[in-house]
Amino acid sequence: MTSMISHAQALQALRPGADAPMRADGLAVNDLLERFHPDYGAKARVSLRIGANAGAPCHPALAGLLESNALIDDLDLAGAEPLATDVLVIGGGGAGAAAAVTAAMRGARVIIATKLRIGDSNTVMAEGGIQAAVGADDSLQRHYEDTLRGGHNEGDRALIAQMVSDAPEVIRWLIDLGMAFDLAEDKALGSTLLRKKAGGTTASRILCHRDFTGLEMMRVLREAVELQRGIEQLNRCPAVELLSHDDGSCAGAILYDLERRSFVLVRARAVVLATGGSGRLHLQGFPTSNHYGATADGLVLAYRLGARMCDLDSFQYHPTGVAHPRHLAGGLISESARSAGAHLLNGLGERFVDELKPRDVVAAAILRECAEGRGIARDGQTGVFLDARALVAADPDILETRLVSLGHLAAKCGLDPRQEPFLVYPTLHYQNGGVMIDGDGATSVPGLLCAGEVSGGIHGRNRLMGNALLDIISFGRRAGTRAAESLGQRQAGRGGINHVHRWRRALAQAELPADVRAPLLYPSYGNFHLRRTAAA
Amino acid sequence: MSETVHLTIDGREIAADPTVSILQAYAQSGAELTANVGCMGQGVCGSCRCMVRKDGERQVSTLLACETRVEPGMQVSFIDYFLPAHVHHYDLKDLHDSWGMLDQIRAVFPEAEHCRHCSGCDRACPKGLPVQSGVAFSVAGDIAAAAAVFDQCVMCNLCTLACPENIRPNHLGLFVRRSVAALTLRPIDLMRRLREVASGEMSVNVTLPRVETATAAPRLAAPAQDR
Ligand SMILES: Cc1cc2nc3c(=O)[nH]c(=O)nc-3n(C[C@H](O)[C@H](O)[C@H](O)COP(=O)(O)OP(=O)(O)OC[C@H]3O[C@@H](n4cnc5c(N)ncnc54)[C@H](O)[C@@H]3O)c2cc1C
Ligand code: SF4
Ligand code: SF4
Ligand code: FES
């Protein structure tokens, strides 16, 4: 074990009043990432053996799930309750809600199936804000180049360009649905939007509702779904498998109704998969900031049906997860804190990185401090300090105005941010890669669309703060529009699970185990076993 | 973490570490957890609503299980999302005339005027919001004050469950908040940018930055052979 500096010692090393010095031994960005970021090490990837990405790299834990057996059999289909609709949306976060509302507004009959309840998602947890280049000193081009550069030039240029160009209209759409944004001045007309700076951006571009932007967004979207004619909600009905036609196209999905403990078979002209991310896989033992349902289900379902994916070995570790107290470990301290001027300090009381560098760089820098013995240990937890003392001293109201959530969190951690810094450590935050899509969210499987965190290609290998909330609304709306266009199309056949049969043969040929079953649906500590509880 | 705390959750006797939340204690006890959970600690999704009676106390309070630490002798039961028989339907697009706002509130939420001031909603709110006053502000037309009351509402629906008049205070609050944004939020910088994008005056050139000038990405380790 690497040595650490004790919490008490580290507190003593804090220099009262004076600005903390910056360490002089900063590494070049690529060096830092290659040596300390969890994505770049030897344990970070294996080659997939079967499926559309065979031969391509993937995180080993995720590979185990992608190359797994289905949860269901033909027998389960026989007893399932049949339903039919125009559009089936799977997942009730921001992307799913935006897709459902958009498709229904265009006259489609929509079913939205969710695992928990609509809104219980990563979206509702977002704090910092959403990017849109609205400032006079800003432009779509700058937003585009920042996003591309932030993702190490690996993002799809056309998708990025489309998304940043959608951004102003996305904000308008949200306002028309009744979402509030903070203004720079307090006047009814003629005011401009309050804009914050994010790590890795060249202009202030984060629009927000205080520091609980996702809550404001999700409660508005949830109400919009609930009040929109033409949408039926199936809560507590996770998708356990997709349905396919004989030509391999998507025909709907099989849900498991947790209340009735039985299967539901939903045939649909188009399926929008919006199941979000995978933080609850706790890759490489990291804690996570994600909600309870983030178990990579959508990736598993889409991959089995043949969808192509990208960047499955690329994840975002948010620099500032709570490290102490232990029962809050992994919980997020929003980038808003650093954006407002909070500093990161090691056990010697030194700064060691420009806090507003892209997230992967800042996270790697923290991991480096901990690996090189300058981390701080407290009750068996390790991390570095996030120091907001000067910030609060300069603006005593800030915890009631701009950093409300930070104040709440400090109370839960049992510390006073005026007196004491937070102990933080990187937390598994975002799935950079995912299902490859075109500008409408269409995947390589006909009839299957994707939107939101489940999709990939936009953020390259690192996402900027505020670009996820933009992504989910921009692509959620587009996928909803495209799905509604399938309205007039004739529905051929009933749909079945021939793709599962083909998949099982492929598993056997590759000598992969047949007893690993996915999607997971819930983390292991949820103690849920479909086979134990299914009525069948 | 020396002593262990004993409590009852949904009829289960549970022994837990004193530092954990009710929700964590429940999951760690081996119970199946597929409902009444979402953000799991942030306290923003409202799904872990529960009734708690503390040891030696007669009063039951409604709290969020992910934000409340276990205490010895607690009795806890989770409460599902409450959906009343009557839900208030409206279409925000009908609200284009802000002069009609008062009438709209009355038309969509007619029960709000019948508030009995029983404070049931105030007691129910796990976020400690002054819900009742939010209802009164809405009825009186103090729109800004009403919107402010519900600013931190997590839509757990406990006030709706508590209200004997089916006012659905949180949905009334959200209606007011949505109306304010949809009718009055007109940021001038956004308007200007929308115009520039619509006219084609501003767009993205995807050939920039040129690939050659872009900096090289960091190198990844080769895929591992074994898993
Ligand atoms: C703590 C936190 C803070 C963040 N802050 C920001 C921020 O400030 N700015 C920003 O841009 N981004 C932020 N992000 C990222 C952003 O919130 C997410 O990437 C985005 O909201 C994802 O939206 P989504 O709709 O794709 O997925 P989600 O919102 O996660 O929704 C997915 C839904 O699908 C459901 N689901 C999963 N599997 C199934 C299944 N098998 N069947 C049915 N339903 C299923 C889930 O339960 C969930 O309800 C933050 C993320 C977190 C966790
Ligand atoms: S106002 Fe009502 S819905 Fe909102 S947090 Fe309080 S009790 Fe829950
Ligand atoms: S519970 Fe209903 S009736 Fe009682 S004070 Fe609240 S809004 Fe009024
Ligand atoms: S789990 Fe979301 S509020 Fe408790």
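It should be emphasised that the depicted structure is a prediction, and the values quoted were computed from it without experimental measurement.

Novice: Help me understand the overall build of chain A, please; the structure alone is not making it clear to me.
Specialist: Looking only at helices and strands, chain A features 16 helices and 20 strands. Taking 536 residues into account, the globule formula puts the C-alpha radius of gyration at 24 Å, and chain A, at 23 Å, falls close to it. Each of the three principal axes of chain A carries a C-alpha extent, and together these read 70 × 60 × 40 Å. Scored against the burial criterion, the 536 residues of chain A give a buried share of 65%. Within chain A, residue pairs in contact and separated by at least 24 positions form 75% of the contacts whose partners lie at least 6 positions apart. On chain A, roughly 17300 Å² of surface is accessible, and the fraction owed to carbon and sulfur atoms is 50%. Taking the 56 positively charged and 59 negatively charged side chains of chain A as two groups, their mean positions are separated by 3 Å.

Novice: Would you mind going over the domain arrangement of chain B with me for this structure?
Specialist: A common way to express how large an interface is: the accessible area buried when the components associate. All names here are of chain B. Split into domains, chain B comes out as domain 1 (5–78) and domain 2 (92–184). The C-alpha centroid of domain 2 is placed 29 Å from the C-alpha centroid of domain 1. Listed per partner, the contact involves nine residues of domain 1 and seven residues of domain 2. Interface area, domain 1 with domain 2, both sides summed: about 650 Å², of which 56% is carbon and sulfur. Its largest share of buried area at the contact with domain 2, domain 1 owes to R49, T62 and L64, together 59% of the area lost on that side. Between the two partners, domain 1 and domain 2, sit one salt bridge.

Novice: Could you clarify how one ought to interpret the site of ligand 2 in this entry?
Specialist: Within the structure, ligand 2 sits among C125, P126, V131, C153, V154, M155, C156, N157, C159 and N170 of chain B. Its residues placed into classes, the shell around ligand 2 shows eight nonpolar, two polar and no charged.

Novice: Help me understand the packing of aromatic side chains, please; the structure alone is not making it clear to me.
Specialist: Within a pair of aromatic rings, the relevant descriptors are the distance that separates the centres and the angle that separates the planes. Residues and elements named next belong to chain A. Inspection of the entire model under this criterion finds 10 aromatic pairs over all chains. A ring pair is formed by F286 and Y425, whose centres lie 6.0 Å apart and whose planes are at 20°; its orientation type is stacked. Highlighted residues: F286 in the loop between β11 (262–273) and α9 (297–304) and Y425 in strand β17 (residues 422–431), separated in sequence by 139 residues. Judged by its relative accessible area of 9%, F286 falls in the buried class. With 6.1 Å between their ring centres and 40° between their planes, Y292 and Y522 make a pair best called tilted. Of the two residues, Y292 is situated in the loop between β11 and α9 and Y522 in the loop between α15 (498–509) and α16 (530–533); the sequence distance between them amounts to 230 residues. Y522 shares its class with Y292; the two are buried. Through successive ring pairs, a cluster of aromatic residues spans Y256, F263, Y292, Y522 and F528. Between K115 and the ring centre of Y522, over which it is positioned, the NZ or CZ distance is 5.7 Å. Over the ring of Y430 we find R463; its NZ or CZ atom is 4.0 Å from the centre of that ring.

Novice: Can you help me understand the confidence of the model for chain B in this one?
Specialist: Reading fine detail from the predicted coordinates is not recommended where pLDDT is low. For chain B, the mean per-residue pLDDT works out to 93, and 97% of the residues sit at or above 70. Reported confidences for the modelled complex are a pTM of 0.97 and an ipTM of 0.96.

Novice: Please explain the interface of chain B and chain A as it appears in this structure.
Specialist: If you look at the interface, chain B gives 76 residues, while chain A gives 91 residues. Across the interface of chain B and chain A, roughly 6700 Å² is buried in total on both sides, 54% from carbon and sulfur atoms. Connecting chain B to chain A are six salt bridges. The closest approach of N and O atoms between R261 of chain A and E32 of chain B, which form a salt bridge, is 2.8 Å.

About the cut-offs
Residues numbered from 1 in each chain as written. Chains lettered and ligands numbered in written order. Predicted model: local features only at pLDDT ≥ 70, side-chain atom pairs only at ≥ 80, totals over all residues. Heavy atoms only, no water. Helix = DSSP H or I, 4+ residues; strand = E, 2+ residues; numbered from the N terminus. Rg over C-alpha atoms; globule rule 2.2 N^0.38 Å. Buried < 20%, exposed > 50% of the residue type's maximum accessible area, 1.4 Å probe, protein only. Contact = heavy atoms within 4.5 Å. Areas by Shrake-Rupley, 256 points an atom, 1.4 Å probe, with all protein chains shown as cover. Lys, Arg positive; Asp, Glu negative; His and termini not counted. Charge placed at Lys NZ, Arg CZ, Asp CG, Glu CD. Domains from an automatic or database assignment. Buried area = accessible area lost by both parts, 1.4 Å probe. Salt bridge = Lys/Arg side-chain N within 4 Å of Asp/Glu carboxyl O. Near = heavy atom within 4 Å. Nonpolar A, V, L, I, M, F, W, Y, C, P; charged D, E, K, R; others polar. Phe/Tyr/Trp six-rings, centres within 6.5 Å; stacked < 30°, edge-to-face > 60°. Lys NZ or Arg CZ within 6 Å of the ring centre and 35° of its normal. pLDDT = per-residue confidence, 0-100.

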